[in-house]
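Each chain, written out:
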Amino acid sequence: RREMTPHFGTHRLGTATPLMDHERELRVAERAARVAGAEIARAWTRDRSNETSVEYKGAVDLVTATDKLCEDLVLSALREAFPEDDVVGEETHAASGAKELSKTTSVRCWYVDPLDGTTNFVHGYPFSCVSVGLCEGGEPTVGVVFNPISDEMFTAVRGRGAFLNGKKISCSAVRTLGKALIGTEIGVHRDGKTVDAIMGRVRALVEKSRSVRCSGSCAMNMCGVAMGRLDGFFEIGFGGPWDCVAGTIIVREAGGVVFDPSGDAFDIYARRVLCANGNIGDEFVKALSEVPDGPGEPQRPEI
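Just so it is clear, the structure is predicted and the values come from calculations on it, not from any experiment. (Residues numbered from 1 in each chain as written. Predicted model: local features only at pLDDT ≥ 70, side-chain atom pairs only at ≥ 80, totals over all residues. Heavy atoms only, no water.)

**Student:** Which residues make up the pattern of salt bridges, and what values go with them?
**Tutor:** For the structure shown, the criterion picks out 16 salt bridges. Where Arg 108 meets Glu 25, a salt bridge forms, and the shortest distance between an N and an O atom there is 2.9 Å. With Arg 108 in strand S4 (residues 108-116) and Glu 25 in helix H1 (residues 23-44), the pair connects residues that are 83 residues apart, well separated along the chain. Overall, Arg 108 belongs to the buried group, its relative accessible area being 18%. We classify Glu 25 as buried; its relative accessible area is 11%. Note that Arg 201 is salt-bridged to Glu 297, the shortest N-O span being 2.3 Å. Remark: Glu 297 occurs in the segment after helix H8 (281-288) and Arg 201 occurs in helix H5 (residues 192-208); sequence separation between them is 96 residues. (Salt bridge = Lys/Arg side-chain N within 4 Å of Asp/Glu carboxyl O. Helix = DSSP H or I, 4+ residues; strand = E, 2+ residues; numbered from the N terminus. Buried < 20%, exposed > 50% of the residue type's maximum accessible area, 1.4 Å probe, protein only.)

Written as structure tokens, this is what we have:
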């Protein structure tokens, strides 16, 4: 069943579990994100409109030299610090030519999006980030999301709360969908029936929420929910677990809920996510249920 009860990270005093569990993982991930973020910031000052510096993974799905450089930096740092862990990067996976990502067989796996919001980056829209997330036994455990343009560093470790630039954050207290600001994304599929499904969900939410935003980064949108900038967010058809693992633990530690847009349990490999504060989940799912998935979208996973 989906998680509908808000989960706040808490320190467990008087137990055998150390308070600073996963501190090394968090520090390595944060340091790697800052190094990659510095490269994004340097590239930000250059002219990025030259089409020869941009490659296409699809008709509107972009990758730049900065994506590749940043991924190399983060993956190298993680592999040096944790040589026994599996490490999966978005661009490395894309370069492999595999259509689908195989599920890891490792107990611990890092998922890295070196530049989530590449289209934003190419157009100079300041909503891009480095996303680094660790799963243990398939469960998001450590998350770091860094926007070097706004200098926002979101972090979380399971059981220890969520933070923005070192200050604790929490989801909003909005109690109804009608008063909620909702985030979503348009995706990369442009066939008519899939676009109809995307716009059908947008219309349903425009009719039932306060308003809707599309900002171009799954990880940043999830962090927006964690800090109360958004009250809810969903996306169907993002790239893979590198987009959502870090954001998932950050939202949960901020007191939010994360599940599949259908209302079923969240699957990091499904390329589908809905997150919200602890109050509007049922209304949110019901509003989306009125519109079937499009043929170009990943379908609801079988339970």
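**Student:** Got a sec to walk through the environment of Gly 192? Specific residues and values, please.
**Tutor:** Its location among the elements puts Gly 192 in helix H5. For Gly 192, a relative accessible area of 47% gives the class partly exposed. The spacing of Gly 192 and Pro 295 is 103 residues in sequence and 9.5 Å in space, taken between C-alpha atoms.

**Student:** Any chance you could break down empty space enclosed by the protein for me, citing the residues and the numbers?
**Tutor:** If you walk through the whole model with that rule in mind, you get 1 cavity of 30 Å³ or more. Put simply, the largest cavity is a space of about 100 Å³. Taken together, 14 residues form the lining of the largest cavity, with Glu 185, Ile 186, Ile 198, Ile 236 and Glu 297 sitting closest to its centre. Counting residues per element, the ones that place at least two in the lining of the largest cavity are H5 and strand S12 (232-236). Here the element with the most residues in the lining of the largest cavity is H5; it accounts for 4 residues. By residue class, the composition of the lining of the largest cavity is 6 nonpolar, 5 polar and 3 charged. (1 Å grid on protein atoms, 1.4 Å probe; cavity = no way out; pocket = protein on both sides within 12 Å on 5 of 7 lines; lining within 4 Å. Points joined across faces, edges and corners; volume = space filled by probe spheres on them. Nonpolar A, V, L, I, M, F, W, Y, C, P; charged D, E, K, R; others polar.)

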